[in-house]
Amino acid sequence: MCGRYAASRGPEDLAGIFEIEKWEPEETLEPDYNVAPTKEVYAVLDRPVKDTGDPRPVRQLRKLKWGLVPSWAKSPEGGARMINARAETVHEKPSYRRAFAARRCIVPADGYYEWVTGKQERDLEEEGKKKRPRKQPYFVLPADGSVFAMAGLYEFWRDRTLPDEHPQAWWVTCSVITTEAETTPLAVSPAEGPHTLAEIHPRMPLMLTPDRWDAWLDPARTDPEDLRSLLAPPPPGLMRAYPVATAVSNVRNNSPELLKELDGPEEGTLF
């Protein structure tokens, strides 16, 4: 799954990476080292610019809320539970299939956090001892330091309780697509701990390599079967993972220190 990630790149950097044609300075977000569900996040999308009369899709950097609210939802309350969409079923699930066909985006990140239960704690659980497991967080990122381009979907939702001119009358929300975690060895793995992503968690965000960006964002591609070919996992061996401090488990903590690589798992969280 993807329940927390880091995003420190600014608009200027992202504009160069993704060849952004339009972004609004007032939508600039501060670097976020602990992005959690319902927060506002950057998303890259191809869409005509409103009120210009030009139907040409324009590559835009937009500020969206993480947690997709379907257009038909009666309220936005379920958005916090819809942060992830499974690649295997995204084309058929009522909450995602329309967005999959017409509103796809890229959610840029430095990498994502995932928690693994320490071996000592798992052994206690297997013995039937009811001790709350303490989980060791890992940061997963491209081994070459490039942007982690997560495949995403976005949707519009109209709050009918507000007048048209109200700035919050329309919500624009997004979800990150996940796939099965890689079982092949990491490009760089910690000396002590997991050596594949699947050993950390069975799911991972679907990372799009640059050769798929244009096809994924192209709104002219609407055939679900055609689009499903873009959901193939990236080539193996592109990722690395390392342990980070358990401070990241508290969403109130938010600083570059959260990305600091530890020499090994914290005490009590041995893998």
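Summarised in this report is the structure supplied together with it. (Residues numbered from 1 in each chain as written. Predicted model: local features only at pLDDT ≥ 70, side-chain atom pairs only at ≥ 80, totals over all residues. Heavy atoms only, no water.)

### Considering the overall build of the protein
Quick reminder of the rule: Each helix is a run of H or I in the DSSP string that is no shorter than four residues. Each strand is a run of E no shorter than two, and both are numbered from the N terminus. Using a 1.4 Å probe on the protein chains alone, a residue whose accessible area is under 20% of its type maximum counts as buried, one over 50% counts as exposed, and one in between counts as partly exposed. When checking whether two residues touch, look at their non-hydrogen atoms; a contact exists if any pair is within 4.5 Å.
Of the regular secondary structure elements, the protein holds five helices and 13 strands. With the principal axes as the frame, the protein shows a C-alpha extent of 65 × 40 × 35 Å. Every one of the 271 residues in the protein was classed for burial, and the buried ones make up 49%. For the protein, contacts bridging at least 24 residues in sequence account for 71% of all contacts bridging at least 6.

### Considering the sheet that holds strand β13 (residues 239-243)
For clarity, the cut-off: Being paired, for any two strands, means DSSP has found at least two bridges between them. Only the stretch in contact is used when fitting a helix axis, every axis being a line fitted to C-alpha atoms; angles between N-to-C directions are given from 0 to 180 degrees.
Sheet architecture is open: five strands sit in the order β3-β1-β8-β9-β13, paired in antiparallel fashion. Edge positions in the open sheet fall to β3 (32-35) and β13, since each of these has one partner strand only. Averaged over all adjacent pairs, the angle separating strand axes in this sheet is 30 degrees, with direction ignored. Inspection of the sheet shows strand β1 (residues 5-7) paired to β3 by two bridges, in the antiparallel sense. Among the inter-strand pairings, Y5 is bridged to a residue of β3, identified as V35.

### Topic: the packing of aromatic side chains
The cut-off we apply is this: Any two rings among Phe, Tyr and Trp, with Trp reduced to its six-membered ring, count as a pair given centres within 6.5 Å; such a pair is stacked if its planes are under 30 degrees apart, edge-to-face if over 60, and tilted if neither. In our convention, an over-ring charge means Lys NZ or Arg CZ found within 6 Å of a ring centre and within 35 degrees of that ring's normal.
Under the counting rule described, the total for this entry stands at nine aromatic pairs. Between the aromatic rings of Y154 and F156, the centroid separation amounts to 5.9 Å while the plane-to-plane angle is 80 degrees, which identifies the pairing as edge-to-face. Since its relative accessible area comes to 2%, Y154 is described here as buried. For the cation-ring pair, K65 lies above W171, with the distance from its terminal atom to the ring centre recorded as 5.6 Å. Above the face of the W216 ring, R104 is positioned so that its terminal group lies 5.7 Å from the ring centre.

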